[in-house]
Amino acid sequence: MHDDTSMPQSDGAPQEVAGDPGQDGSGVSRRAMMRNAGIAGVGLGLAGLGGGTAHAHPSAGTTPAQASAAAEAPPRQGETMIGVPFEKRSTVRVGIVGLGNRGGSMIDLFLALPQVRVVALCDPVKEKTAAAAKKVTDAGQPAPATYTKGDSDYENLCKRSDLDFVYVATPWDFHFEMAKTAMLNGKHVGVECPIALQLDQLWELVDLSERTRKHCMQLENCCYGKNEMRVLRMAHAGLFGDLLHGAGAYNHDLRGLMFDPDYYEGPWRRLWHTRLRGDLYPNHGFGPVGNYMDVNRGDRVTHISSFGTPALGLAEYRKANMPPGDPSWKETYIESDRTISLVQTEKGRVIRLEHDVSTPHPYSRINSLGGTKGVFEDYPTRIYLEPGHTDDKWHDFAEFADWDHWLWKEHANPPGGHGGMDYMMVFRLMQCMQLGLVPDFDVYDAVTWTAPVPLSHASIKAKGAPQAIPDFTRGLWNKARPGVDSEKPQG
């Protein structure tokens, strides 16, 4: 149960930790298990995309009016989770599910916080669980409980009475069920990207969060990047004027990693390229831009139109690098090498999203924002804002360092990967839980940032026809409220 975010750290090198094949308790190869699970999930991954439930999105080929009608929110099953604070606690007790590339490194950040105790760990690869447990005891905490008996042992972790928060860092195929199980057992839950892959699952997570009164969050670390948080504060202060457009992406050459038999512990991530054609990983780009534009906090996204190139990159890489007889030769890739989506908001703004992990190019999340007073663009960082800039030349973003978020002013050299954004996210989330604050983002943000996964697939199949994005807040999107642009807690 290993996940990755494999984004560059501050030095530009991918954060990569090789994954050992391992064995589960029955002696079955973990890699074989993941391969079988992935193949079995192919039909399931597609079944939820074209309808069949009250929550499913409109099938490809529907008109915009039909799409809007189909995206109407089902009746609310509980009270909204907007503005709901955590229960105040002196110590946050954490359980971690998935100890591979992502979970195996993120545990260090939880252990770096004095108000956090890591109580339980789960991964079928016993060696990885043991290594993580040693980190806990080396940090001076009691030995954690461990759950290593197959892919369902996380259910036993979630049943514990001494956990406040479950962190999920596993392959995408497991995210929905694990988030669901955690909430049903009375735990707040944070999940790596994407939080689910079908629209009916996204609605179910909203309903469960509202019924159980537990927060279900997409742990989108890019929202806590230094540049992203600076732009966010500048946007909210009006420096960009009236906001008009933004862009975000996950453009990252992952061909070598996807064909590495160890890194992903089986082909689970590559297999998603045999199932869907749309944007498989929109969250890193969508989350920050959505924050700039106060999506779900005064504006909302309404429609998405997506377009995709032919799927050639993975097949070409396989031809050049994989030996005859490799299992990958049985795979047929349909995922567009590059998807480009245009998202419309209720206020008429436009967000461009891109996804490309199958062709050679330098890493970029684009991270752009434009308004009536100027524009910011990342990769590399550059800015042009009136009235200070009038020479028609890009300027140095460092000129605006005074606009850094209070988190970055207090933690100038944070530990951990991805330039420190991981630490900022964990620190702030645990702070909110300890102090009993409203979290910076909630289940409505989680499902909104993930909705492009199934909807971009449907739009591409329909030759770019717009697909309605549901209002997961059920009408509460137009009320201004705090988010990641938070105030420093008093005391």
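Placed above this text is the structure.
Summary of the structure given here. (Residues numbered from 1 in each chain as written. Predicted model: local features only at pLDDT ≥ 70, side-chain atom pairs only at ≥ 80, totals over all residues. Heavy atoms only, no water.)

## Focus: the sheet that holds strand β14 (residues 467-468)
For clarity, the cut-off: Paired strands, as defined in this entry, are two strands with at least two bridges between them according to DSSP. Helix and strand definitions follow DSSP, with helices as H or I runs of at least four residues and strands as E runs of at least two, each counted in order from the N terminus. Any pair of residues with heavy atoms lying within 4.5 Å of one another is described as a contacting pair. Angular values range over 0 to 180 degrees, each being the angle between N-to-C directions of two axes fitted as lines to C-alpha atoms, with helices fitted over their stretch in contact.
Here we have eight strands laid out as an open sheet, ordered β13-β12-β11-β7-β10-β9-β8-β14, and mixed in their pairing. Edge positions in the sheet fall to β13 (382-385) and β14, since each has one partner strand and no second. The pairing of strand β7 (residues 243-251) with strand β11 (residues 368-371) spans four bridges and is classified as antiparallel. Within the sheet, the bridge partner assigned to Gly 246 lies in β11 and is Leu 369. Helix α16 (residues 452-461) rests against β8 (301-308), β9 (339-345), β10 (350-356) and β14 of the sheet, and its axis sits at about 55° to β8.

## Side note on the sheet that holds strand β3 (residues 145-147)
The six strands lie next to each other as β3-β2-β1-β4-β5-β6, forming an open sheet whose pairing is parallel. Of all strands in the sheet, those with a lone pairing partner are β3 and β6 (216-218), marking the two edges. Strand after strand, the sheet turns through a mean of 25° between neighbouring axes, direction not considered. Sheet analysis places strand β4 (residues 165-168) next to strand β5 (residues 188-191), joined by four bridges and oriented parallel. Looking across to β5, one finds that Phe 165 is bridged to His 188. In this fold helix α3 (residues 103-111) packs onto β1 (92-97), β2 (116-122) and β4, with an angle of close to 160° to the strand it touches most, β2. Here helix α4 (residues 126-138) sits on the sheet and contacts β2 and β3; the angle it forms with β2, its principal contact strand, is near 165°.

## Concerning the packing of aromatic side chains
Within a pair of aromatic rings, the relevant descriptors are the distance that separates the centres and the angle that separates the planes. Threshold: Stacked, edge-to-face and tilted are the three classes for Phe, Tyr and Trp ring pairs, Trp counted by its six-membered ring, which pair at centre distances within 6.5 Å; planes under 30 degrees apart are stacked, over 60 edge-to-face, the rest tilted. A simple rule labels every residue: compare its accessible area, found with a 1.4 Å probe on the protein chains alone, to the largest value its type can have, and call it buried under 20%, exposed over 50%, or partly exposed in between.
A complete count under the given rule lists 16 aromatic pairs for this structure. Considering the side-chain rings of Tyr 250 and Tyr 363, the 6.2 Å spacing of their centres and the 85° angle between planes classify their relative orientation as edge-to-face. Here Tyr 250 is found in strand β7, whereas its partner Tyr 363 is found in the loop between β10 and β11, with 113 residues between them in sequence. On the basis of relative accessibility, which here comes to 0%, the residue Tyr 250 falls in the buried class. Taking relative accessible area as the criterion, Tyr 363 reaches 17% and is therefore assigned buried. Measuring from ring centre to ring centre gives 5.6 Å for Phe 441 and Trp 449, while their planes differ by 80°; the resulting arrangement is edge-to-face. Each residue in the set Trp 172, Tyr 250, Tyr 263, Tyr 264, Trp 268, Trp 272, Tyr 281, Tyr 363 and Tyr 379 is aromatic and connected to the rest through ring pairs, giving one cluster.

## Focus: the packing of helix α6 (residues 172-184) against helix α7 (residues 199-212)
This is how it is decided: In this scheme, roughly parallel covers angles under 35 degrees and roughly antiparallel covers those over 145, while 65 to 115 is roughly perpendicular and the rest are oblique. Should the near helix be turned anticlockwise from the far one by less than a right angle, the crossing is left-handed, and should it be turned clockwise, the crossing is right-handed. Lys, Arg, Asp and Glu make up the charged group, whereas Ala, Val, Leu, Ile, Met, Phe, Trp, Tyr, Cys and Pro make up the nonpolar group; the residues left over, Gly among them, are polar.
Following both chains from N to C, one finds α6 and α7 inclined at 10°, their axes separated by 10 Å at the closest point. The orientation of α6 with respect to α7, classified from their angle, is roughly parallel. Judged by the sense of rotation from one axis to the other, the crossing of α6 with α7 is left-handed. On the side of α6, the interface is formed by Phe 176, Ala 179, Lys 180, Met 183 and Leu 184, while α7 contributes Gln 201, Glu 204, Leu 205, Leu 208, Ser 209 and Thr 212. Broken down by class, the residue content of the contact of α6 with α7 amounts to six nonpolar, three polar and two charged.

## Looking at the pattern of salt bridges
The criterion, for reference: Here, a salt bridge means any side-chain nitrogen of Lys or Arg that lies within 4 Å of a carboxyl oxygen of Asp or Glu.
This model, assessed by the stated rule, comprises 27 salt bridges. The salt bridge partner of Arg 365 is Glu 228, with a shortest N-O separation of 2.8 Å. One end of the pair, Arg 365, is in the loop between β10 and β11; the other, Glu 228, is in helix α8 (residues 226-236), with 137 residues separating them in the sequence. The same class applies to Arg 365 as to Glu 228, namely buried. For the salt bridge of Arg 428 with Asp 440, the shortest nitrogen-to-oxygen distance reads 3.1 Å.

## Considerations on α8
Among all positions of α8, only Glu 228, Met 229, Arg 230, Val 231, Leu 232, Met 234 and Ala 235 are buried. Where α8 is buried, its residues contact β7, α11 (283-292), β11, β12 (374-377), β13 and α13 (406-410).

## Concerning the pairing of β7
A large share of β7 lies buried, amounting to seven of its nine residues. In terms of strand pairing, β7 meets β10 through seven bridges, oriented parallel. Looking across to β10, one finds that Ala 247 is bridged to Arg 352.

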